[in-house]
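Each chain is listed here by its residues.
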Amino acid sequence: MTAAARRVRTRARVTGTVQGVGFRPFVYRLAHEQGLAGWVLNDEHGVLLEVEGLAPELSHFFDRLSAEAPPLARVESVSPSATPVTGEPGFRIVTSVRVGDPDALIAADAATCEDCLAELRDPDDRRYRYPFTNCTNCGPRFTIVNGVPYDRPLTTMAAFTMCSECAREYEDPGDRRFHAQPNACPACGPAVRLRDAAGRGLAFFTDPSGEKRQASGGDPISALAARLSEGAIAAVKGLGGYHLVCDAANERAVAALRARKHREDKPFALMVADVASARRLVELDVSAETSLTGVSRPIVLAPRLPDAVIAPSVAPGAPELGVMLPYTPLHHLLLADFADFADFAGDALVMTSGNVSDEPIAYRDEDALERLSTIADLFLVHDRQIETRTDDSVVRSVTVGGRRRPLMLRRSRGYVPESLTLPIEAPRPLLACGAEQKATFCVARGERAWVGHHIGDLEHLATLTAYREGIGHFQRMFAVAPELVAHDLHPDYLSTQYALELDEVALVGVQHHHAHLAACLAEHGVTTPAVGAIFDGTGLGADGTVWGGELLVGDLRGYERAGWLWPVRMPGGAAAVRQPWRMAAAWLSEALGAEPPLPAALRATVSASDWNAVGRIARAPELSPVTSSIGRLFDAVGALCGAPARVSYEGQAAVELEALAWTAGDRASGGGYPFERAAGCVLDPRPAVRELVSELDRGVAAAVVSARFHAGVAAASVEAVTAIASARGLETAVLSGGVFQNRLLLERVAAGLDAAGLHVLVPQRLPPNDGGISFGQAAVAAAQ
């Protein structure tokens, strides 16, 4: 018998994101096309299959297995091995099994596909206007799953029994809903209701025939759209929690939402129906449009157009708007209905997190009614339970290495729980607890690490509760019982305290800025030393002072502090973060003398007595810790250039300073303000501070001052990093830390280092801010 005619059987293990993405139905169809017998199943490790047939057909099968995988699948490995021929006929999908610890990857939630949208819009389709339409190529995944393997009984869809028609689709290998776990229709699936702020029902929508059923108010989505067009504020239950929603062109509604939510200045996100609508609001480059339309559907920050029809209170003074496209059928219906009522150019909705500022997003119905009833006039709810609260992700487009690419600012819905690979395997199961602000956590086993969704700032009991619940959920889902726990060095961080409360674990303290460096190195699979410019607002240093302008040389195992920003006092400690003018006082004192006069730029917002009092506080070491933070330097210059005396959100002064710089244009032709390098690689900005104050006193525009300041920081950073790399024989530079969310600074520094011949690494799948700290801690703990 020739090799081509020989019948063989092969067992194969497939790992990666292969559950909940239509991979088993894909294998089934592929096997039938190749004329193969066998079976496929989900288990705790991914997908296991056996195929039997002629050798050439098996070879062709495995060639196609990765190349033609479903759109949401990500095949990491296929490990085949020969097994005895059984002669069994046909190919089948076998019931999932679990006999050990789960290691399978769970897919992130995915935006509604075009096929489902076509059904949603077709009056003759049984899913016409059904807000929970989905298939194997789209829909909820992470937000509804509570266990592995990913099958309906281990999701919140277990509460809904499929009708005969949905069951037929589910069992039909030729249907795109073959084994689609969230499959449902109006006859058997979740339903939406419209309620008032007291929880009383106003409308209901469940009709087996697909027709709209009138109850006191009719179709709830259409009814809500009408109310939004009249200026109402609504809480809308989405995929990972509630949004607060209003007409983005209605100033009265937006201002009311801002006041009720206690969100003074931070911009609101917007949702628009399509790319054409987005282009009426913002400038979109190819990278931004790719992010906007991808299956993850993040909020994309992009430059706003001057004629954008948006209420002033949406993003006061911001040069960018955060826009996103609908990612659920419910959103598509709401935007389409709203456009029918909005008889003017503005067709955007404010779509902001359903919470009072600084609290976690509401995702349980009772909690939402309790916490949001003083904000929302109406509630659009549904009865599909959300297992894990998940905020919208946020990206912006930047140029690094000569190409346009997304920079992650918040990693959550659409990206979590995608795993990352540790370049050095964890010797024991580990938990990394992250930082205090923009908190995330990370669990890891072997080479696999799972970074949790964005939690927020650990300053409130509700946020801390969400953090604890998230850790528990990930530990159960991925069978990580930590024996090693990594944490920040700051003893007052609630994440650190959480780590210290755990019993029978080995603790690893990781310095904050080393974690930033390690996160970027590990994400890119680099284990060799690099020089890192790690710029942020606050992180406890190894010497007990507040670091934040760090030039580190290190790898995953350790680091050396090779340089830093000239240190100054933080008058009043944390109060200086909330009141940036205090840092202006500290830097002016350092640059001009012990008791600098109150600058003209601050006289409208700061009294002379307060200015003098802060001067005295700055001279009291017990009240004013030392900091080398570049974030605090940006705060100081922001205050001098007109930022609020008291900020309402973290980083506001720096955000507004960057916004000013973008408006300077050709006026900032004088180059960057001068920095000196003291005692090796200590960056001394005192000459820059003296010159920028002088220019402000002479009436130079704040935009020009901001642009020149950015140019000065960038030039000094490039010079210092290049000098350290040259002296140490290093070829790789890392840029990370929250300050590098600043697009202008990041692009200038990256371009300068690239021109100097260095290989520049910037976080890509993780944020440069503290949202990436937990992965860095995990990488350090694994390596050490």
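Residues numbered from 1 in each chain as written. Predicted model: local features only at pLDDT ≥ 70, side-chain atom pairs only at ≥ 80, totals over all residues. Heavy atoms only, no water.

What follows is about the sheet that holds strand β4 (residues 74-82). Strand order in the open sheet made by the five strands is β4-β1-β3-β2-β5, with mixed pairing throughout. Two strands close off the open sheet at either side, each with one partner strand: β4 and β5 (91-93). Strand-to-strand twist across the sheet, computed as the mean angle between neighbouring axes with direction ignored, equals 15°. With eight bridges connecting them, strand β1 (residues 7-17) and β4 associate as antiparallel partners. Residue pairing for β4: Arg11 is matched across the bridge by Ser81. Across the sheet, helix α2 (residues 55-67) is in contact with β1, β3 (46-54) and β4; its angle to β3 comes to roughly 150°. (Pairing = 2+ DSSP bridges. Helix = DSSP H or I, 4+ residues; strand = E, 2+ residues; numbered from the N terminus. Axes fitted to C-alpha atoms, helices over the stretch in contact; angles between N-to-C directions. Contact = heavy atoms within 4.5 Å.)

Per the counting criterion, the structure on display carries 49 salt bridges. With a shortest N-O distance of 3.2 Å, Arg74 and Glu76 are connected by a salt bridge. A residue is classified by how much of its surface remains accessible, and Glu76, at 37% relative accessible area, is partly exposed. Between Arg448 and Glu76 there is a salt bridge, with its nearest N and O atoms 2.6 Å apart. Placement of the pair is Arg448 in strand β18 (residues 442-451) and Glu76 in strand β4, with a sequence separation of 372 residues. Counted as one network, the salt bridges with shared partners bring together Arg7, Arg9, Arg11, Glu50, Glu52, Glu88 and Arg92. (Salt bridge = Lys/Arg side-chain N within 4 Å of Asp/Glu carboxyl O. Buried < 20%, exposed > 50% of the residue type's maximum accessible area, 1.4 Å probe, protein only.)

What follows deals with the packing of aromatic side chains. Taken as a whole, this structure holds 14 aromatic pairs when the rule is applied. Centre to centre, the rings of Trp450 and Phe478 are 4.3 Å apart; their planes meet at 10°, and the pair counts as stacked. With a gap of 28 residues between them, Trp450 in strand β18 and Phe478 in the loop between α11 (461-477) and β19 (484-488) connect regions that are remote in the sequence. Phe478 shares its class with Trp450; the two are buried. Ring centres of Tyr467 and Tyr498 lie 5.6 Å apart, and the angle between their planes is 80°; this geometry places the pair in the edge-to-face category. Here Tyr467 is found in helix α11, whereas its partner Tyr498 is found in helix α12 (residues 494-501), with 31 residues between them in sequence. (Phe/Tyr/Trp six-rings, centres within 6.5 Å; stacked < 30°, edge-to-face > 60°.)

So, on to helix α5 (residues 220-229). Of all 10 residues making up α5, seven are buried, and the element is well covered by its neighbours. Restricting attention to buried positions, one finds in α5 the residues Pro220, Ile221, Ala223, Leu224, Ala225, Ala226 and Leu228. Looking one or two residues beyond α5, the residue adopting positive phi is Gly231, at roughly 105°.

Judged by how many residues are buried, strand β21 (residues 530-540) sits mostly within the fold: 10 of 11 residues are covered. When β21 meets strand β22 (residues 546-554), the two strands line up antiparallel, connected through eight bridges. Within the sheet, the bridge partner assigned to Ala533 lies in β22 and is Leu551. In textbook terms, the turn of a hairpin is the stretch between consecutive antiparallel strands, and for β21 and β22 this stretch comprises five residues, one of which, Gly544, has a positive phi near 90°. Note that β21 and strand β28 (residues 732-736) share four bridges and pair parallel. What sits directly across from Val531, in β28, is Ala733.

With that out of the way, let us pick up helix α16 (residues 608-618). For α16, every residue scored as buried is listed here: Trp611, Val614, Gly615 and Ala618. The arc that holds every buried residue of α16, seen down its axis, measures 105°, which confines them to one face. Against β24 (568-569) and α15 (580-592) lie the buried residues of α16. (Arc of directions from axis to C-beta.)

Within β3, eight of the nine residues are buried, which leaves it mostly tucked inside the rest of the structure. Of the pairings in the sheet, the one linking β1 to β3 comprises eight bridges and is antiparallel in character. By the bridge assignment for β3, Arg9 is matched with Glu52. Pairing geometry for strand β2 (residues 37-43) and β3, over seven bridges, is antiparallel. Within the sheet, the bridge partner assigned to Trp39 lies in β3 and is Glu50. The loop that links β2 with its antiparallel partner β3 comprises two residues.

A few words now on the sheet that holds strand β17 (residues 419-432). A sheet is described by the order of its strands in space; here four strands give the open sequence β18-β17-β19-β20, paired in mixed fashion. Of all the strands in the sheet, the pair left with one neighbour each is β18 and β20 (506-510). Strand-to-strand twist of the sheet, defined as the mean angle between neighbouring strand axes without regard to direction, takes the value 60°.

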